[in-house]
Each structure stands twice: as C-alpha cells, then as structure tokens.
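# Analysis of the macromolecular model
Here are the chains, one letter per residue:
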Amino acid sequence: MHDYVEALRKLAGIIFPAALMAMVGSFVRYVRLHRSEPFSWGEFIGGMITAGFAGVVVQCFCRGIGLNAWLTSAVVAMAGYSAGQILDFGQELLLKWLERETKR
C-alpha cells in the first residue's frame, strides 16, 4: 500500500506544478487580451482548465524527450499561454501519425 501512496505523491509532484505553471500562463493571456472587457467567469475558468491539461501533456512530452527543468518550465508556461492552439496542433499531429501507422 505504501508504494502506491509514494507513487501517487511523486506523480502529483510532477503534475500539479506543471498544471499550475500553465494556468499562470493562461492568466497572463486572459489579462493581456481581455483587460478592456467585462470579466467572464466562463471564459476564465475554461481557459484555466484547458491550460492545466495542456501543461500536463507538455510536461510529459518534455520529460519524455529529456529536456532540462528550466527549458521544460518555460515550455510548459508558454503551453498554458497558448493552450488551445497547442492542443489543436498536438491533435493534428497525432491524427496524422495514426493515419500513417494504420496504412502500414
């Protein structure tokens, strides 16, 4: 039982900081692009959720290719800033790769 708890603790130590850093990127984008508009909870929360997910995905990718912690942090923060675009681009790449693999 203790091994599972330790594994979850280690995973949380990777996921939560990445999600939080990406959410800061999303906050910066929201403030930058919507400062002259009335506040929208829906847009703000939707951006935060999207950024958190994008940050975790990008964190996993960066760890997988062996980027150092500083570069990974910068990439994760920028992924939060551009979360929707990053996810759309990743989806496009994944679908193209899957299409090529199924034709083999």
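Residues numbered from 1 in each chain as written. Predicted model: local features only at pLDDT ≥ 70, side-chain atom pairs only at ≥ 80, totals over all residues. Heavy atoms only, no water.

### Points about the overall build of the chain
When its secondary structure is counted, the chain shows four helices and zero strands. Written out in order from the N terminus, the α and β elements of the chain read α-α-α-α. For 104 residues, the compact-globule formula gives about 13 Å, and the C-alpha radius of gyration of the chain, at 16 Å, lies well above that figure. For the C-alpha atoms alone, the extent of the chain along its principal axes is close to 50 × 45 × 25 Å. For the chain, with 104 residues in total, the buried portion stands at 23%. Restricting the contact set of the chain to residue pairs at least 6 apart, pairs at least 24 apart contribute 68%. Summed over its atoms, the accessible surface of the chain is roughly 7,800 Å², and 68% of this surface lies on carbon and sulfur atoms. (Helix = DSSP H or I, 4+ residues; strand = E, 2+ residues; numbered from the N terminus. Rg over C-alpha atoms; globule rule 2.2 N^0.38 Å. Buried < 20%, exposed > 50% of the residue type's maximum accessible area, 1.4 Å probe, protein only. Contact = heavy atoms within 4.5 Å. Areas by Shrake-Rupley, 256 points an atom, 1.4 Å probe, with all protein chains shown as cover.)

### Quick word on the nonpolar core
Formed by Ala18, Ala22, Ala51, Ala54, Val58, Cys62, Val76, Ala79 and Ala83, the largest nonpolar core amounts to nine residues. For this core, the secondary-structure elements that each account for two or more residues are helix H1 (2-34), helix H2 (41-65) and helix H3 (69-81). Examining the composition of this core, we find that four residues originate from one element, H2, more than from any other. When residues no more than four places from it in sequence are discounted, the contact partners of Val58 are Val75, Val76, Ala79 and Ile86. (Core = buried A, V, L, I, M, F, W, Y, C linked by side-chain atoms within 4.5 Å.)

### Digging into the pattern of salt bridges
Per the stated rule, a full pass over the model turns up four salt bridges. The shortest N-O distance in the salt bridge between Glu6 and Arg9 comes to 3.6 Å. Residue Glu6 and its partner Arg9 are located together in helix H1, separated by three residues, close to a single helical turn. Overall, Glu6 belongs to the partly exposed group, its relative accessible area being 38%. By relative accessible area, which is 53% here, Arg9 ends up exposed. For Glu101, the salt bridge is made with Arg104, and the minimal N-O distance between the two is 3.6 Å. (Salt bridge = Lys/Arg side-chain N within 4 Å of Asp/Glu carboxyl O.)

Just distances and angles here, no functional claims.
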